[in-house]
Amino acid sequence: MPVIDNAIYNGGVRVATPVTLEETFETREAHGGFAWIGLYRPTDAELDAVASEFGLHPLAVEDARKGHQRAKLERYGETLFVVLRPARYLDDVEQVEFGELHMFVGRDFTISIRRAESPNLAKVRHRLEASPELLMKGPEAVLYAVLDEVVDEYLPVLTGLENDIDEIEEQLFDGDPAVTRRIYDLASEVMEFQRATRPLVDMFAALEHGFEKYGVDLELRRYLRDVKDHVLRVVDRGEAFRQLLQNALSVHATLVGQRQNEEMKRLTETSLAQSEQTKKISSWAAILFAPTLVGTIYGMNFAYMPELDWVLGYPFAVLLMVGLGFVLYGVFKRRGWL
């Protein structure tokens, strides 16, 4: 059995540390108080054994077995089933890693099933054991402490995401072509972060709705409301990050459009310059072609060409070639080609 820790608490102190689940059940009956069993990645058979021992609802057990659940809180009789999505920021790869934590909270037991490295429930247990006045409030105190730890671990994630967004803003104006992909990846992480944190608002609302009905300790209510305030701030910052990334995408699209417009302008100017050069070349080619044409005709060896016997034939041909050149030059000059 992958039991990380197993303890019986009564009066705010640990009174026993059973080795097996059967011993846990018997010890709890003997000492009173409540049991807190911490499991890490249990197998289906091990989860079935826990469910049988504590009478857990089959639907909740099935959700815990499958994993990949959204953050939620469900009540089955007197047992709460809580799914949390803890997160931690990995500095080396600049990514957010999401885990999954399931909790069954009954009147005399708490079962925590961790499927990732986060959160550090050993830290939570030590904190509670160092505060007997809090631990003596029962399984609800364990739920509060776990919620508080999960929410606290969101804060470094927010800091990491904020640093990534600052770096993206620098990349935007540096023209880095990789910024588009980074914005998309970071936006996906922020959306996943929101899926982990937004449901907590409704979860705390549901807990508050049951304060009176289930007789939750007044001091514990204050602690839970304090965690709820932290959750609201976390959710607000997550929403702000999403908006910032949407703005970054808009700015990026605008900058790309501006660069494309500048490139098109440059290409257009180049094309216009080439067109002007083409006009000049074509004009001079036409001017030179006119005398060449006349000269070519008179250079043919026809037997009968009246102009060859004409006294003014040569000056006429020369004047015709020169005149055509000047006429074409005037036409092209007036059209702005020369």
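Residues numbered from 1 in each chain as written. Predicted model: local features only at pLDDT ≥ 70, side-chain atom pairs only at ≥ 80, totals over all residues. Heavy atoms only, no water.

A.B. asks: I'm lost on helix α7 (residues 179–209) in this one. Help?
C.D. replies: Residues spaced three or four apart along an α-helix point in a common direction, a consequence of the helix completing one turn every 3.6 residues. Over its 31 residues, α7 extends 45 Å from the first C-alpha to the last, a length consistent with the 45 Å expected when each residue adds 1.5 Å. Most pronounced at Arg 195, the bend in α7 amounts to some 25°, and the proline Pro 199 follows within four residues. (Helix = DSSP H or I, 4+ residues; strand = E, 2+ residues; numbered from the N terminus. Expected span 1.5 Å × (residues − 1). Bend = angle between axes of the 7 residues up to and from the residue.)

A.B. asks: For this particular structure, what's the right way to read the sheet that holds strand β3 (residues 34–40)?
C.D. replies: Remark on secondary structure: sheet strands pair via backbone hydrogen bonds, oriented parallel or antiparallel. Taken together, 7 strands build an open sheet; the order of strands is β2-β1-β3-β9-β8-β5-β4 and the sheet is mixed. In this open sheet, the two edge strands, each paired with only one partner strand, are β2 (13–16) and β4 (72–76). Between one strand axis and the next, the sheet turns by 20° as a mean value, whatever way the strands run. With 5 bridges connecting them, strand β8 (residues 101–105) and strand β9 (residues 109–114) associate as antiparallel partners. Of the residues in β9, the one forming a bridge with Met 103 is Ser 112. Sheet contacts for helix α3 (residues 58–66): β4, β5 (79–84), β8 and β9; angle to β8, the most-contacted strand, approximately 160°. (Pairing = 2+ DSSP bridges. Axes fitted to C-alpha atoms, helices over the stretch in contact; angles between N-to-C directions. Contact = heavy atoms within 4.5 Å.)

A.B. asks: Looking at this model, I keep getting lost on unusual backbone geometry. Mind explaining?
C.D. replies: Keep in mind that most residues, glycine aside, have a negative phi and that most peptide bonds are trans. Cis geometry marks the peptide bond from Ser 118 to Pro 119; its omega dihedral reads 0°. If you check the backbone angles, Arg 41 has positive phi at about 45° while not being a glycine. Position of Arg 41 among the secondary structure elements: in the loop between β3 and α2 (44–54).

A.B. asks: Is there a simple way to explain a nonpolar patch on the surface in this structure?
C.D. replies: A cluster of nonpolar side chains, contributed by Trp 310, Leu 312, Phe 316, Leu 320 and Leu 324, occupies part of the molecular surface with about 430 Å² of accessible area. On the secondary structure map, Leu 324 appears in helix α9 (residues 313–334). The class for Leu 324 is partly exposed, based on a relative accessible area of 33%. (Patch = residues over 30% accessible without salt bridge, like charges linked within 9 Å, V, L, I, M, F, W, Y side chains within 5 Å. Areas by Shrake-Rupley, 256 points an atom, 1.4 Å probe, with all protein chains shown as cover. Salt bridge = Lys/Arg side-chain N within 4 Å of Asp/Glu carboxyl O. Buried < 20%, exposed > 50% of the residue type's maximum accessible area, 1.4 Å probe, protein only.)

A.B. asks: Where do I start with the nonpolar core in this structure?
C.D. replies: The nonpolar side chains of soluble globular proteins are, as a tendency, buried together. Formed by 56 residues in total, the largest nonpolar core has its most connected members in Leu 84 and Val 146. For this core, the leading source of residues is helix α6 (residues 139–174), giving 16 residues. The next biggest cluster of nonpolar side chains, apart from the first, holds 18 residues, and it includes Leu 47, Phe 54, Ala 64 and Phe 109. (Core = buried A, V, L, I, M, F, W, Y, C linked by side-chain atoms within 4.5 Å.)

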